[in-house]
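Structural overview for review
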Amino acid sequence: MDINDLRGVSTILVMVGFIGLTIWAYSKRQKGSFDQAANLPFADEDSHNSGKSKLENKDHD
C-alpha cells in the first residue's frame, strides 16, 4: 500500500461523510429543530423592545 492508495481511501471516506452529512441536514426529521434554531435570534426581540421603550420613556419624562 503506497501513499496514493491512502489518498484514494481518504477521498472516498470524506465523500461518504459529506453525502451522509448532506442527507442528515436535508432530512425531514431535522426540519423542526432547524426551524427552531433559525428563529432563536428573534426569540427575545419582544422583551428587548419593551425594555428599550421603558428606557426611552424615562428619558423623556
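First, a word on scope: everything that follows refers to the structure included in this document.

What counts as what
Residues numbered from 1 in each chain as written. Predicted model: local features only at pLDDT ≥ 70, side-chain atom pairs only at ≥ 80, totals over all residues. Heavy atoms only, no water. Salt bridge = Lys/Arg side-chain N within 4 Å of Asp/Glu carboxyl O. Helix = DSSP H or I, 4+ residues; strand = E, 2+ residues; numbered from the N terminus. Buried < 20%, exposed > 50% of the residue type's maximum accessible area, 1.4 Å probe, protein only. Patch = residues over 30% accessible without salt bridge, like charges linked within 9 Å, V, L, I, M, F, W, Y side chains within 5 Å. Areas by Shrake-Rupley, 256 points an atom, 1.4 Å probe, with all protein chains shown as cover. Phe/Tyr/Trp six-rings, centres within 6.5 Å; stacked < 30°, edge-to-face > 60°.

A closer look at the pattern of salt bridges
Considering all chains together, one arrives at one salt bridge under this definition. In this structure, K31 and D35 form a salt bridge, with 3.1 Å as the shortest nitrogen-oxygen distance. On the criterion of helical spacing, the pair formed by K31 and D35 is a turn pair, its members being four residues apart in helix α2 (residues 28–38). Residue classification places D35 among the partly exposed positions, given a relative accessible area of 38%.

Here's the deal with a nonpolar patch on the surface
Where nonpolar side chains cluster on the molecular surface, the patch consists of M15, F18, I19 and I23 and spans about 440 Å² of accessible area. Among the structural elements, F18 can be located in helix α1 (residues 3–25). F18 gets classed as exposed once you look at its relative accessible area, which sits at 56%.

Considerations on the packing of aromatic side chains
Counted by the stated rule, this structure contains one aromatic pair. Ring centres 5.5 Å apart and planes at 90 degrees place the aromatic pair W24 and F34 in the edge-to-face group. Of this pair, W24 sits in helix α1 while F34 sits in helix α2, placing them 10 residues apart in sequence.

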